[in-house]
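# Report on the structure
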Amino acid sequence: MVSNTRLIEFKDIKNTESRDGYMGHLVPIEAESDIPFAINRIYYIADVPEGQVRGFHSHNDLEQVLICLHGSVTVKISTPFEEEHIVLDRLNKGLYIGPMVWREMYDFSQDAVLLVLASKHYDEADYIRDYPAYCRQAEGYFKGGE
Ligand code: T46
């Protein structure tokens, strides 16, 4: 995986004891055990028009986990040295993105609902939205082995 990212597989409970038949999915997520940080904010993205691409930024410090609750979306994650495209299409599949990783979200299905768990409150000062500036900063960050 790209540095400072990883996939997290959550428990997917499909059989409820003492009840008959298929009951649907129940996916429990516990902060600081299933999620490697204390959750201080959640937000969700939905109804993204076909062909629309979101993101185009990195964060200095913020840690996040992205989960597609309905439909599907592809997330491009990259540093100046690595790049991967991750399809989120399962209720129990989380994508952890740590600091200094560039992200772009694309190929939203019409019914996609993307849930994001974040380590901090919203702070525009934590965003790096200028790609050349990001590359300069990230080259030092990742070469420095941080
Ligand atoms: C990220 C990806 C996965 C707020 O006021 N509060 C919030 O908590 C957030 C997330 C955004 N905003 C405002 C800031 C912008 O004026 O909502 C507007 C849209 O945000 P943005 O263009 O940054 O949205 P995305 O989808 O490009 O990126 C978002 C998160 O901002 C970002 O942290 O990693 O989702």
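We now turn to the structure provided with this report. (Residues numbered from 1 in each chain as written. Predicted model: local features only at pLDDT ≥ 70, side-chain atom pairs only at ≥ 80, totals over all residues. Heavy atoms only, no water.)

### Details of the overall build of the chain
Helix and strand counts for the chain come out as 1 helix and 10 strands. Dimensions of the chain, computed from the C-alpha atoms along their principal axes, are close to 60 × 35 × 25 Å. When contacts within the chain are restricted to residue pairs at least 6 apart in sequence, those whose partners lie at least 24 apart make up 77%. Summed over all atoms, the accessible surface of the chain reaches about 8,300 Å², with 47% contributed by carbon and sulfur. On the chain, the mean spot of the 14 positive side-chain charges and the mean spot of the 24 negative ones are 1 Å from each other. (Helix = DSSP H or I, 4+ residues; strand = E, 2+ residues; numbered from the N terminus. Contact = heavy atoms within 4.5 Å. Areas by Shrake-Rupley, 256 points an atom, 1.4 Å probe, with all protein chains shown as cover. Lys, Arg positive; Asp, Glu negative; His and termini not counted. Charge placed at Lys NZ, Arg CZ, Asp CG, Glu CD.)

### A few points about the pattern of salt bridges
Pairing between side chains becomes possible if they bear opposite charge and their charged atoms approach one another. Following the criterion strictly, the structure yields 3 salt bridges and no others. For Lys 76, the salt bridge goes to Glu 104, with nearest N and O atoms at 3.8 Å. Of this pair, Lys 76 sits in strand 5 (residues 73-78) while Glu 104 is found in strand 8 (residues 102-106), placing the two residues 28 residues apart along the sequence. Given a relative accessible area of 18%, Lys 76 falls into the buried group. What makes Glu 104 buried here is its relative accessible area of 14%. Ionic pairing is found between Glu 124 and Arg 129, a salt bridge with its closest N-O pair at 2.7 Å. (Salt bridge = Lys/Arg side-chain N within 4 Å of Asp/Glu carboxyl O. Buried < 20%, exposed > 50% of the residue type's maximum accessible area, 1.4 Å probe, protein only.)

### Some remarks on a nonpolar patch on the surface
A cluster of nonpolar residues, Ile 39, Ile 42 and Tyr 44, forms a patch on the protein surface that exposes about 320 Å² of accessible area. Relative to the helices and strands, Tyr 44 is located in strand 2 (residues 41-46). A relative accessible area of 61% means that Tyr 44 is categorised as exposed. (Patch = residues over 30% accessible without salt bridge, like charges linked within 9 Å, V, L, I, M, F, W, Y side chains within 5 Å.)

### Topic: the sheet that holds strand 7 (residues 93-97)
The antiparallel open sheet is built from 5 strands, whose spatial order is 1-7-4-9-2. Edge positions in the sheet fall to strand 1 (5-9) and strand 2, since each of these pairs with one other strand and no more. Here the strands of the sheet are splayed against their neighbours by 25 degrees on average, with no regard to which way each runs. (Pairing = 2+ DSSP bridges. Axes fitted to C-alpha atoms, helices over the stretch in contact; angles between N-to-C directions.)

### Quick notes on the sheet that holds strand 5
What the 5 strands build is an open sheet, ordered 6-5-8-3-10; its pairing is antiparallel. Of all strands in the sheet, those bounded by a partner on one side alone are strand 6 (83-88) and strand 10 (127-128). In terms of strand pairing, strand 5 meets strand 8 through 5 bridges, oriented antiparallel. Note on strand 8: the bridge partner recorded for Lys 76 is Glu 104.

### Regarding the site of the ligand
The immediate surroundings of the ligand are formed by 13 residues, with Arg 41, Arg 54, His 59, Gln 64 and Tyr 127 found nearest. Between an oxygen atom of the ligand and a side-chain N or O atom of His 57, the distance comes to 3.4 Å. Measuring from an oxygen atom of the ligand, one finds a side-chain N or O atom of Gln 64 at 2.6 Å. When isolated, the ligand has an accessible area of 650 Å², and the protein chains bury 68% of it. A majority-of-atoms criterion places the ligand in the largest pocket. Mapped by element, the contributors of at least two residues to the shell around the ligand are strand 2, strand 3 (54-59) and strand 8. Counting residues per element, the shell around the ligand draws most heavily on strand 3, which supplies 4 residues. A breakdown of the residues in the shell around the ligand according to their chemical character gives 5 nonpolar, 4 polar and 4 charged. (Near = heavy atom within 4 Å. Polar contact = N/O pair within 3.5 Å; in protein donor to acceptor, adjacent residues only side chain to side chain. 1 Å grid on protein atoms, 1.4 Å probe; cavity = no way out; pocket = protein on both sides within 12 Å on 5 of 7 lines; lining within 4 Å. Sits in = over half its atoms within 2 Å of the grid points. Nonpolar A, V, L, I, M, F, W, Y, C, P; charged D, E, K, R; others polar.)

Purely spatial values, then, with no claim about function.
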